[in-house]
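Residues per chain are reported as follows:
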Amino acid sequence: MAHGWLTTALIVLPLAGAIAVWILPLQPGQVGATALLIALAEVGLWIESLTRFDFSHRGLQAAQRHSWFSDLHVSYHVGLYGFSLWLVGLTVVVLAASIGYAVWIGRERPRAYFGLMLFLLGAIVGVFVAQDLLLFYVFWEAMLIPLYVLVGVWGGPGRVGATLKFVIYTMAGSLLMLAAIVVFGLSQGTFDLVDSSASGSTWLFLGFMAAFAVKAPLFPFHGWLPDAYRASSPEVAGVLSGVVSKAAAYGLLRIAIAKFPGPTHDLRTPILVLAAVGLVYGSLLAFRAADVRGVIAYSSLAQLGLITLGLFATNDLGLNGAVLQMVNHGLISATLFMLAGSIERRTTTGEFALLGGMAKGRPALATMLMATGVIALAVPGSTAFAGEFAILAGVLRQGWVWAAIGAGAMVLAAMYMLRLISAVLHQQRGSAVTDAALDLRPAELGILVPLVACLLALSAWPAAITDRAFGGRARAAVSRLAGIESIPVRIYVNNLPR
């Protein structure tokens, strides 16, 4: 299409920026500023893509396609749907904020660090725009490589063990996905997601599901989560929780559900059971966590369970709510992890037993944490409430039990977020909090305020995503099929090229 160069530019700009950071003779102080400038230019490219996107159009837009391996019908095929456009937007905003945070912190070995962050940005965008399964896999693996290094080299205590566990889990899932891709592509005669038709293979479906469940993570494939989120630097933990997990949720939506409607229908109930268990289990662990990062990490497990409930409701409300909640949680999680990093820098700890009373004399910190926390606990009028309500309304059509579990988990979310806010800001001042612990600095506010502003904007207008994720006629298409919702993802049959 006419604007396909924009999609390619969204991939190429950060990858080229990474190479430039690695090879140009920049001074240490210039490296971070260059990386941040490139990340902000990426945000500008996405805004340009947003302004040119026709949300009334139901198909692929801004596409480019060039033959790669003609014998196998593999091509460089990229493009954007409405839902993937918003996920790319989440990616560029969170990575720009994360790079800005790392510049403010002053990471050691900046040339390697910022090059890896830019490389990670390009790879994640590639995952969201790839329309060929082998190309998707290339970007998927490229996304994981810098994460291994960023966690293993720049992480905190326990980073080696956390990285090893992360590698083992993700490599096992990736190998299963590669096998599923090869079999699917050869059986279809093409690896192209747009040209290929649906498959009824349960084994291939499970291969994709396993890879995405590990990376999300979904219960019970979350064993790597607490160690990786605690050992990572705050901005990398924010990217892991806020963005990388959404790449897995996107895979569930674009590949597992869209290409395997029969297995999605047949295995919906056990998947909904695992999602509901993960939602409740993660919420309970978050409530019992003894530190700030523990609450954020386990709440991510819970939120991915909620998003999975919405996806496998396979109706308009569930799918639209799931996409909105992906963006919501990505922004919330990234903001909370960077706030956790700011708290740890001032107190040398994130343990609740040693914190407390930080609201006194620190109005900016209190305001940022309160605003993000209140949105996260889904008070009516917030964007998180809109996303969760749409998911629960969608999954209600599959059974009242799922909606009841989801509603109960919303209560648990309020409990663990209020506990976090109270333990940090309002309880008696802990031994780790001294008068020398300053309020948030202007540079920190310059990083965090835009993220909170995005959440407030979505709170005012959640329909910016829910009404624009699947094309202008998506809701009508699903409504006409309301009587046969047991056949999954009719929204895709009507609105995405098969």
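Scoring rules and cut-offs
- Residues numbered from 1 in each chain as written.
- Predicted model: local features only at pLDDT ≥ 70, side-chain atom pairs only at ≥ 80, totals over all residues.
- Heavy atoms only, no water.
- Helix = DSSP H or I, 4+ residues; strand = E, 2+ residues; numbered from the N terminus.
- Rg over C-alpha atoms; globule rule 2.2 N^0.38 Å.
- Buried < 20%, exposed > 50% of the residue type's maximum accessible area, 1.4 Å probe, protein only.
- Contact = heavy atoms within 4.5 Å.
- Areas by Shrake-Rupley, 256 points an atom, 1.4 Å probe, with all protein chains shown as cover.
- Lys, Arg positive; Asp, Glu negative; His and termini not counted.
- Charge placed at Lys NZ, Arg CZ, Asp CG, Glu CD.
- 1 Å grid on protein atoms, 1.4 Å probe; cavity = no way out; pocket = protein on both sides within 12 Å on 5 of 7 lines; lining within 4 Å.
- Points joined across faces, edges and corners; volume = space filled by probe spheres on them.
- Nonpolar A, V, L, I, M, F, W, Y, C, P; charged D, E, K, R; others polar.
- Axes fitted to C-alpha atoms, helices over the stretch in contact; angles between N-to-C directions.
- Parallel < 35°, antiparallel > 145°, perpendicular 65-115°, else oblique.
- Expected span 1.5 Å × (residues − 1).
- Patch = residues over 30% accessible without salt bridge, like charges linked within 9 Å, V, L, I, M, F, W, Y side chains within 5 Å.
- Salt bridge = Lys/Arg side-chain N within 4 Å of Asp/Glu carboxyl O.
- Core = buried A, V, L, I, M, F, W, Y, C linked by side-chain atoms within 4.5 Å.
- Pairing = 2+ DSSP bridges.
- Left-handed = near helix turned anticlockwise from the far one by under 90°.
- pLDDT = per-residue confidence, 0-100.

Colleague: Before we go on, may I ask you to explain the overall build of the chain in this structure?
Modeller: Looking only at helices and strands, the chain features 20 helices and two strands. Relative to the globule expectation of 23 Å for 498 residues, the C-alpha radius of gyration of the chain, 21 Å, shows essentially globular dimensions. The principal-axis extents of the C-alpha atoms in the chain amount to approximately 65 × 60 × 40 Å. Counting every position in the chain, which comprises 498 residues, the buried fraction comes to 62%. For the chain, restricting intrachain contacts to residue pairs at least 6 apart in sequence, the fraction spanning at least 24 positions comes to 82%. Working note: accessible area of the chain is about 17,200 Å², and carbon and sulfur atoms make up 68% of it. Averaging the positions of the 30 positive and the 22 negative side-chain charges in the chain gives two centres separated by 3 Å.

Colleague: Looking at this model, I keep getting lost on empty space enclosed by the protein. Mind explaining?
Modeller: Gaps between atoms show up when a probe of the same size as a water molecule is rolled over them. Enumeration according to the criterion identifies four cavities of 30 Å³ or more in this entry. Of the pockets and cavities examined, the largest cavity occupies roughly 110 Å³. Forming the walls of the largest cavity are Ile296, Ser299, Gln303, Gln325, His329, Ile332, Ser333, Leu336, Ala376, Glu388, Tyr416 and Met417. Counting only elements with at least two residues in the lining of the largest cavity, the list comes to helix 12 (292-313), helix 13 (316-347) and helix 16 (400-426). Residue contributions to the lining of the largest cavity peak at five residues, all from helix 13. When grouped by side-chain class, the residues that make up the lining of the largest cavity number six nonpolar, five polar and one charged.

Colleague: It is not clear to me how the packing of helix 3 (residues 82-105) against helix 17 (residues 442-460) should be interpreted in this structure. Could you clarify?
Modeller: Pairs of packed helices are described in terms of their axes, by the angle between the two and the distance that separates them. With their axes 9 Å apart at the nearest point, helix 3 and helix 17 run at an angle of 170° to one another. Taken together, the axes of helix 3 and helix 17 are roughly antiparallel relative to one another. Note on element contacts: helix 17 touches helix 3 through Ala443, Glu444, Ile447 and Leu451, opposite Val93, Ala97, Gly100, Tyr101 and Trp104. When its residues are assigned to classes, the contact of helix 3 with helix 17 shows seven nonpolar, one polar and one charged.

Colleague: Explanation requested: helix 2 (residues 28-52) in the structure shown.
Modeller: The periodicity of an α-helix, 3.6 residues per turn, causes residues three or four places apart in sequence to face the same way. Over its 25 residues, helix 2 extends 37 Å from the first C-alpha to the last, a length consistent with the 36 Å expected when each residue adds 1.5 Å. Taken together, the buried positions of helix 2 are occupied by Val31, Gly32, Ala35, Ile38, Ala39, Glu42, Val43, Leu45, Trp46 and Ser49. Of the surrounding secondary structure, the elements contacted by the buried residues of helix 2 are helix 1 (4-23), helix 3 and helix 4 (110-129).

Colleague: Explain helix 4 here, please?
Modeller: Its 20 residues place the ends of helix 4 29 Å apart at the C-alpha level, agreeing with the 28 Å of an ideal helix rising 1.5 Å per residue. For helix 4, a buried count of 17 out of 20 residues is recorded, marking the element as mostly surrounded by other parts of the structure.

Colleague: Is there a simple way to explain a nonpolar patch on the surface in this structure?
Modeller: A grouping of Trp68, Phe69, Leu72, Val138, Val182 and Leu186 is seen on the molecular surface, where their side chains present a nonpolar patch of about 530 Å² in accessible area. Within the residue set of the nonpolar patch, elements represented by two or more residues are strand 1 (61-69) and helix 6 (159-188). Take tryptophan 68: it is sitting in strand 1.

Colleague: Would you mind going over the nonpolar core with me for this structure?
Modeller: Note on soluble globular proteins: their nonpolar side chains tend to be buried together. Ranked by internal contacts, the top residues of the largest apolar core, which has 181 residues, are Trp140, Met143, Leu311 and Val424. In terms of residues, this core owes the most to one element, helix 3, which gives 16 residues. Once you skip the residues sitting within four places of it in the chain, tryptophan 140 turns out to touch Val127, Ser174, Met177, Ala211, Phe212, Lys215, Ala247 and Ala248.

Colleague: Any chance you could explain the pairing of strand 1 here in plain terms?
Modeller: One face of the sheet, then the other: side chains in a regular strand alternate in exactly this way. Summarising the sheet, strand 1 and strand 2 (residues 74-80) pair through six bridges and their orientation is antiparallel. Following the sheet pairing, glutamine 61 is matched in strand 2 by leucine 80. Counted along the chain from strand 1 to the antiparallel partner strand 2, the turn is four residues long, and its residue histidine 73 has a positive phi close to 55°.

Colleague: Even after reading the chapter, I still don't get the packing of helix 13 against helix 15 (residues 383-396), so can you show me in this structure?
Modeller: Put simply, helix 13 and helix 15 touch, their axes get as near as 8 Å, and they point 150° apart. Taken as axis vectors, helix 13 and helix 15 run roughly antiparallel relative to one another. Helix 13 and helix 15 meet at a crossing whose hand is left-handed. Of the residues in helix 15, those touching helix 13 at Leu317, Gly318, Gly321, Ala322, Leu324, Gln325, Asn328 and Ile332 are Thr383, Ala384, Ala386, Gly387, Glu388, Ala390, Ile391, Ala393 and Gly394. Looking at the contact of helix 13 with helix 15 residue by residue, the classes come out as nine nonpolar, seven polar and one charged.

Colleague: Can you walk me through the pattern of salt bridges in this structure?
Modeller: Two side chains that carry opposite charge are able to pair once their charged atoms sit near each other. Within this structure, the stated rule accounts for nine salt bridges. Note that arginine 52 is salt-bridged to glutamate 48, the shortest N-O span being 2.6 Å. Residue arginine 52 and its partner glutamate 48 are located together in helix 2, separated by four residues, close to a single helical turn. A residue is classified by how much of its surface remains accessible, and arginine 52, at 35% relative accessible area, is partly exposed. Taking the relative accessible area as the measure of exposure, glutamate 48 reaches 30% and is therefore partly exposed. Measuring nitrogen to oxygen at the nearest pair gives 2.6 Å for the salt bridge that ties arginine 65 to aspartate 195. In this pair, arginine 65 sits in strand 1 while aspartate 195 sits in the loop between helix 6 and helix 7 (202-215), placing the two residues 130 residues apart along the sequence. Taking relative accessible area as the criterion, aspartate 195 reaches 45% and is therefore assigned partly exposed.

Colleague: Is there a simple way to think about the confidence of the model for the chain in this case?
Modeller: Should the pLDDT be low somewhere, the predicted coordinates at that spot are not to be read in detail. On average, the chain scores 86 in pLDDT, and the residues at 70 or more come to 94%. Confidence drops under a pLDDT of 50 for residues 473-498, and excluding neighbours within four residues, the segment shows 63 contacts in the predicted structure.

Colleague: Would you take a moment to explain the side chain of threonine 383 for this structure?
Modeller: By the element assignment, threonine 383 lies in helix 15. Sequence-distant contacts of threonine 383, defined by excluding residues within four places in its chain, comprise Leu324, Gln325, Asn328, Ile375, Leu455, Leu458 and Ser459.

Colleague: When you look at the side chain of serine 75 in this model, what are you seeing that I'm missing?
Modeller: Secondary-structure assignment places serine 75 in strand 2. Classification of serine 75 by relative accessible area gives buried; the value is 7%. With near-sequence residues (within four places) excluded, serine 75 lies in contact with Arg65, His66, Ser67, Trp68, Asp132, Leu135 and Asp192.

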